[in-house]
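One letter stands for each residue in the lines below.
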Amino acid sequence: MDNPLTVDTLFHLGPVPITTPVAVTWALMIGLTLFAWLSTRRLALVPGTLQTVLELFVTTVDGQVHDTMQRDPAPFRALIGTIFLFVLVANWTAVLPGVEPPTAHIETDAALAMIVFVATIAYGISGRGWRGYLATFAEPSWVMIPLNLVEQITRTFSLVVRLFGNVMSGVFVVGIVLSLAGLFLPIPLMALDLLTGAVQAYIFAVLATVFIGAAAGETPVAAKPDKEDTSP
Amino acid sequence: MTIDWWTLGLQTVNLVVLVWILARFLFRPVSQIIAERRAAAHAALDDADAARRMAESARDEARAEAEKTAALRAQILAAAREEATGEKDRLLNEARAAAELLRAEGASELERMRRAQQRALSREAGELAADIAGKLLDRIPDSARISGFIEGLAEAVAALPEASRRDLGAGGTVRLRAARDLTGTERTLLEQSLKDALGHAPELHIETDPGLIAGLEIVGPHAIVRNHLRADLDRIREEMADNG
Amino acid sequence: MTENIVEVVSIIAAALAVGFGAIGPALGEGRAVAAAMDAIARQPEAAGTLSRTLFVGLAMIETMAIYTLVIALLVLFANPFV
C-alpha cells in the first residue's frame, strides 16, 4: 500500500519538480477555462439549458454570500465561486481511474486555505481600514488578543486538515478496498466520495465566506438579489 | 510528514490564476447577463405598467363617454316623455271640451225641446180652456156674450190715449168684431157707449167671429181694443208660457 | 522485537487513536440524526431543509473523526521517530 501522504514527482521543469497534483490542477484549469469560455461565448437574454444552469449557480453563490454576510455579494462572488467550483471538480476527479484528486494532497488544500487567509486579511483591511481591522483582534477585550491570533491560525489549519482528511481518507479507503476486492465493491464507497466531496466543497466555501465576512465587518449595503429573474 | 514547497507554491499560483480566469470568463459575463435580464424585466414591467395605465385611462374615458351618452339619452327620454304627457293632456282637454260642448248642446236642445213641448201643451191647454169656456158659456143666457162686455170695451176705449181715440173712427168705418150677431138693443147700447167714450159716434162695420167666444173687439187703424174671452185666454196662456 | 518497538507502539497508538477518536463523533452523529428524525417527524414539510442541514452538520462532526484518522496516518506513514 502506497503512502498516501507523499507526492509523486512526474517530471522536472528546469529545477522545478512538477508533481501529480500540479499536473492534475493544470488539466482542471484548462478544462474549466475552456468550459467557461465556450459556455459564456454566446449569452442571451433568453437562456438555453447550459446558461440557465450557470446562472442558477451564480445566483446560488450570490444568495449564499448575501445570506452569510448581509452585504452586496459582487466583490466576493468570483473568489467564493471559484473556491467552490475548483474544490468540487477536484474532489470529483477521484472517480476518474488513475487520477488522484489534487485536494487529496495537503499542498493543494494548504494553498486554498492560504488564499482564504490572505483574502480574509485583505478584505478586512479594505472593509474596516488598518486600525479597524487590527481593532477586531482586541474584541471583546485586549485579553483576547493572543487567543484571537491563535484562532486565525487554527481555523485555517482546521480548514486545511478537514478538506485534506476527508478527501484523502476517501481515496485511501477506496484504495484499501480495491486491494481486497477489485470488482463492484468500491462503487458504494466511490458514491460516498462524491457526496463527501460535494459537501466538503460546500463547507469549505461557506467557511471561507464566514471568515471573510467576519473580517470585512457588517456594512449592510445591498438588497437581496432576486432569484425570480433567473430561475428557469 | 513532508510538505513539498514547490507544489504548495505552484498550486497557490495556479489557484490565483484560476480565480482570475473564472472571474474574467465565467462570473463576470454571467452576472452581467443576469443584471441585463433584470433590467430588461424591469423595463418590460415598466412598459406593462405604462400600458396598463394607458388602458385604464382609455377605459375611464370610455366610461365617461358612456355616462355622457346615457345622460343624453335620459335627457331625450325625459323630454319625449314630457312632450307626450303634454300632448296627452292637450288631447284629453280637447276631448273633454268637445264632450262638454256636446253635452251643452244636448242640454240646450233638450231645453229647447222641453220649451217647445211646453208651448204646445200650453197652446193645447189654451184651446182646451177656450173650448171649455165656449161650452160653459152656452149654458148661460146668450145676451151675456155681448152685453157684459160693452161696458168694459167702452172703458178700455176711454183709457186709450187722446190721439188714438181721435183717430178711431175718424177715417171712416170702424171694424168691430163680435162673438155673434148683435141684436138691435145691443147695437144701440154699444154705439151709445162708444159715443160716450170717444166723444163722437163712429161708423161701425160689424163682423161676426165665433172664435172670440164672448166679447167685442174694435180694430182701428192704429189701435185694437180687445175685450173678449179669447183675448183673456190668450193672455193667460202667454203668461203661463212665459212663467213655464 | 525490541528494535521494532517504535513501529509496534506506533501501530497500537494509531489503532487506539482511531478507535477512541471515533467514539465521540459517533455519539454526536447519532444524536444529530435522532434530532433530525424527530424534527422531520414533527414537520415533514421541512424535510428538505433539515436533511440538507443534517448532511452539512454530519460532515462537520465527521471531521473530528477524520482528524484522528489523519493523526493515525501520520503516525503510521510519517512517523518522525522511525
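This one's a predicted model, so the numbers in the text were calculated from it and none came from an experiment. (Residues numbered from 1 in each chain as written. Chains lettered and ligands numbered in written order. Predicted model: local features only at pLDDT ≥ 70, side-chain atom pairs only at ≥ 80, totals over all residues. Heavy atoms only, no water.)

Novice: How do you make sense of the overall build of chain B when you look at a structure like this?
Specialist: Along the backbone of chain B there are 5 helices and 4 strands. The buried share of chain B, taken over its 244 residues, is 28%. Element-wise, carbon and sulfur atoms account for 57% of the exposed surface of chain B, whose accessible area totals about 16,000 Å². (Helix = DSSP H or I, 4+ residues; strand = E, 2+ residues; numbered from the N terminus. Buried < 20%, exposed > 50% of the residue type's maximum accessible area, 1.4 Å probe, protein only. Areas by Shrake-Rupley, 256 points an atom, 1.4 Å probe, with all protein chains shown as cover.)

Novice: Honestly, the packing of helix H5 (residues 145–180) of chain A against helix H6 (residues 186–216) of chain A in this entry has me stumped. Any pointers?
Specialist: How two helices pack is summed up by the angle between their axes together with the distance between the axes. All names here are of chain A. It is the contact of H5 with H6, at a shortest axis distance of 10 Å, that shows an interaxial angle of 175 degrees. Judged by the angle between their axes, H5 and H6 are roughly antiparallel. Within the contact between the two elements, H5 uses Arg155, Leu159, Arg162, Leu163, Asn166, Gly170, Val171, Val173, Val174, Val177 and Leu178 and H6 uses Pro186, Leu189, Met190, Asp193, Thr196, Gln200, Ile203, Phe204, Leu207 and Phe211. (Axes fitted to C-alpha atoms, helices over the stretch in contact; angles between N-to-C directions. Parallel < 35°, antiparallel > 145°, perpendicular 65-115°, else oblique. Contact = heavy atoms within 4.5 Å.)

Novice: Just checking my understanding: could you explain the packing of helix H3 (residues 74–92) of chain A against helix H1 (residues 5–139) of chain B for this structure?
Specialist: Between H3(A) and H1(B), the shortest axis-to-axis distance is 9 Å and the interhelical angle comes to 110 degrees. One finds that H3(A) runs roughly perpendicular with respect to H1(B). Between H3(A) and H1(B) the crossing geometry is right-handed. Across the interface between the two elements, Arg77(A), Ala78(A), Leu79(A), Gly81(A), Thr82(A), Leu85(A) and Phe86(A) of H3(A) pack against Leu15(B), Leu18(B), Val19(B), Leu22(B), Ala23(B), Leu26(B), Phe27(B) and Ser31(B) of H1(B). Considering only residue class, the contact of H3(A) with H1(B) consists of 11 nonpolar, 3 polar and 1 charged. (Left-handed = near helix turned anticlockwise from the far one by under 90°. Nonpolar A, V, L, I, M, F, W, Y, C, P; charged D, E, K, R; others polar.)

Novice: For this particular structure, what's the right way to read the sheet that holds strand S2 (residues 203–208) of chain B?
Specialist: In a beta sheet, neighbouring strands pair by backbone hydrogen bonds and run either parallel or antiparallel. Residue and element names in this part refer to chain B. Sheet architecture is open: 4 strands sit in the order S2-S1-S3-S4, paired in mixed fashion. Every other strand in the sheet has two partners, leaving S2 and strand S4 (224–228) as the edge strands with one partner each. Looking at each pair of strands side by side, their axes are set apart by 20 degrees on average, direction ignored. Taken together, the 6 bridges between strand S1 (residues 173–178) and S2 define a ladder with parallel strand orientation. When the bridges of S2 are listed, Val174 appears paired with Leu204. Contacting strand S3 (215–219) and S4, helix H2 (residues 147–158) crosses the sheet at an angle of about 155 degrees to S4. Along the sheet, helix H4 (residues 184–198) makes contact with S1, S2 and S3, crossing S2 at roughly 130 degrees. (Pairing = 2+ DSSP bridges.)

Novice: I tried to follow the interface of chain A and chain B on my own but got confused; where do I start?
Specialist: The parts lose accessible area when they come together, and the size of an interface is often stated as this lost area. Contacts between the two partners involve 46 residues from chain A and, on the opposite side, 31 residues from chain B. Between chain A and chain B the total buried area reaches about 3,600 Å² when both faces are included, carbon and sulfur atoms providing 77% of it. For the pair chain A and chain B, the interface holds 1 salt bridge. The salt bridge involving Glu55(A) is made with Arg37(B); its shortest N-O contact spans 2.8 Å. Mapped by element, the contributors of at least two residues to the side of chain A that touches chain B are strand S2 (16–19), helix H1 (20–39), helix H2 (49–69), H3 and helix H4 (106–135) of chain A. Ranked by the residues each element gives to the side of chain A that touches chain B, the list is headed by H1(A), at 9 residues. A class-by-class count of the residues in the side of chain A that touches chain B yields 31 nonpolar, 10 polar and 5 charged. (Buried area = accessible area lost by both parts, 1.4 Å probe. Salt bridge = Lys/Arg side-chain N within 4 Å of Asp/Glu carboxyl O.)

Novice: Explain the UniProt feature "transmembrane region" (unreviewed entry) in chain B here, please?
Specialist: UniProt's entry tags residues 6–27 of chain B with the feature "transmembrane region" (unreviewed entry), counted in the numbering of this structure. Taken end to end, residues 6–27 of chain B is 100% helix and 0% strand, and its first and last C-alpha atoms sit 30 Å apart. (UniProt positions renumbered as here; feature names shortened; annotations may be inferred.)

Novice: Which parts of the structure should I look at to understand the interface of chain C and chain A?
Specialist: The interface of chain C with chain A comprises 14 residues on the first partner and 18 residues on the second. Regarding the contact of chain C and chain A, the summed buried area is about 1,300 Å², with carbon and sulfur atoms giving 80% of it. It is Tyr67(C), Leu73(C) and Phe77(C) that lose the most area in chain C upon contact with chain A, and together they represent 36% of the buried surface on that side. A breakdown of the residues in the side of chain C that touches chain A according to their chemical character gives 12 nonpolar, 1 polar and 1 charged.

Novice: How do you make sense of the UniProt feature "transmembrane region" (unreviewed entry) in chain A when you look at a structure like this?
Specialist: Residue and element names in this part refer to chain A. As recorded in UniProt, the sites labelled "transmembrane region" (unreviewed entry) are residues 20–38, 78–98, 110–126, 163–187 and 199–217. End C-alpha to end C-alpha, residues 110–126 measures 24 Å, and it is 100% helix and 0% strand. Secondary structure across residues 163–187 divides into 80% helix and 0% strand, with the first and last C-alpha atoms of the span separated by 22 Å.

Novice: Help me understand the pairing of S4(B), please; the structure alone is not making it clear to me.
Specialist: A regular strand places its side chains on the two faces of the sheet in alternate fashion. By the bridge criterion, 5 bridges tie S3(B) to S4(B) in an arrangement that is antiparallel. Among the inter-strand pairings, Val219(B) is bridged to a residue of S4(B), identified as Ile224(B).

Novice: Looking at this structure, I do not really get a nonpolar patch on the surface. What am I missing?
Specialist: Together, Ile5(C), Val6(C), Val9(C), Phe81(C) and Val82(C) make up an exposed nonpolar region whose accessible area comes to about 500 Å². Tracing the sequence through the fold places Phe81(C) in the segment after helix H2 (47–77). (Patch = residues over 30% accessible without salt bridge, like charges linked within 9 Å, V, L, I, M, F, W, Y side chains within 5 Å.)

Novice: I tried to follow the pairing of S1(B) on my own but got confused; where do I start?
Specialist: Residue and element names in this part refer to chain B. Here S1 shows a clear split, with Val174, Leu176 and Ala178 buried on one side and none of Thr173, Arg175 and Arg177 buried on the other. Assessed by its sense of winding, the connection that carries the chain from S1 through H4 to S2 is right-handed. In the sheet, S1 pairs with S3 via 4 bridges, with the strands oriented antiparallel. Residue pairing across strands places Ala178 opposite Leu216, the latter belonging to S3. (Right-handed = clockwise from strand over helix to strand, strands pointing away.)

Novice: Looking at this structure, I do not really get the packing of aromatic side chains. What am I missing?
Specialist: What characterises a pair of aromatic rings is the spacing of the ring centres plus the angle enclosed by the ring planes. Per the stated rule, a full pass over the model turns up 5 aromatic pairs over all chains. Here the aromatic cluster, defined as three or more aromatic residues joined through ring pairs, consists of Phe57(A), Phe84(A) and Phe27(B). Over the aromatic face of Phe25(B) sits the side chain of Arg24(B), whose NZ or CZ is 5.1 Å from the ring centroid. (Phe/Tyr/Trp six-rings, centres within 6.5 Å; stacked < 30°, edge-to-face > 60°. Lys NZ or Arg CZ within 6 Å of the ring centre and 35° of its normal.)

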